[in-house]
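What follows is the residue order along each chain.
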Amino acid sequence: MKVTVLVRPKPGILDPQGEAIAHSLVALGFPVGGVRAGKLFDVELDVDDPAEARRLAAEAAEQALANGLIEGFEVVGDPAEAPA
């Protein structure tokens, strides 16, 4: 079952990559007030239960995918509805 985990800098943490992207978008004429850059992980888990998949994805994010000091994470979407 595929689960998606989004990892982003926590509020108040400097995000130089996001700032550079925002400056570039403004230079291109986009009305951007800010950008936060993050990471997206599509994790394929060998489980059939959507709740268990979400729990395992959150555990993986806490232990390996996100740096808890400076990043937060979110498990998004319903694993049961994800395309195979």
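Residues numbered from 1 in each chain as written. Predicted model: local features only at pLDDT ≥ 70, side-chain atom pairs only at ≥ 80, totals over all residues. Heavy atoms only, no water.

A look at the pairing of strand E1 (residues 2-9)
The buried count for E1 comes to 6 of 8 residues, which makes it a mostly enclosed element. Bridge count for E1 against strand E2 (residues 39-44) is 6 bridges, and the pairing is antiparallel. Looking across to E2, one finds that Lys2 is bridged to Glu44. Relative to strand E3 (residues 71-76), E1 runs antiparallel, the two being bridged by 6 bridges. Paired with Thr4 across the bridge in E3 is Val76. (Buried < 20%, exposed > 50% of the residue type's maximum accessible area, 1.4 Å probe, protein only. Helix = DSSP H or I, 4+ residues; strand = E, 2+ residues; numbered from the N terminus. Pairing = 2+ DSSP bridges.)

Thoughts on the sheet that holds E3
Hydrogen bonds along the backbone pair up the strands of a sheet, which may run parallel or antiparallel. Strand order in the open sheet formed by 3 strands is E2-E1-E3, with antiparallel pairing between adjacent strands. Bordering the open sheet on either side are E2 and E3, each of which pairs with just one other strand. Taking the axes of each pair of neighbouring strands and ignoring which way they run, one obtains an average angle of 25° across the sheet. Set on the sheet, helix H2 (residues 50-65) makes contact with E1, E2 and E3; between it and E3 the angle comes to about 160°. (Axes fitted to C-alpha atoms, helices over the stretch in contact; angles between N-to-C directions. Contact = heavy atoms within 4.5 Å.)

Description of the pattern of salt bridges
In total, this model carries 4 salt bridges according to the counting rule given. Between Glu71 and Lys39 there is a salt bridge whose closest N-O contact spans 3.2 Å. On the criterion of sequence distance, the pair formed by Glu71 in strand E3 and Lys39 in strand E2 is long-range, its members being 32 residues apart. The exposure class assigned to Glu71 is buried, which follows from its relative accessible area of 15%. Of the residues examined, Lys39 reaches a relative accessible area of 36% and is grouped as partly exposed. Arg55 serves as the salt-bridge partner of Glu59, at 2.8 Å between the closest nitrogen and oxygen. On the criterion of helical spacing, the pair formed by Glu59 and Arg55 is a turn pair, its members being 4 residues apart in helix H2. On the basis of relative accessible area, Glu59 is assigned to the partly exposed category, the value being 32%. Overall, Arg55 belongs to the partly exposed group, its relative accessible area being 41%. When salt bridges that share partners are traced, they join Glu52, Arg55 and Glu59 into one network. (Salt bridge = Lys/Arg side-chain N within 4 Å of Asp/Glu carboxyl O.)

Take it as geometry only, folks, not as evidence of what the structure does.
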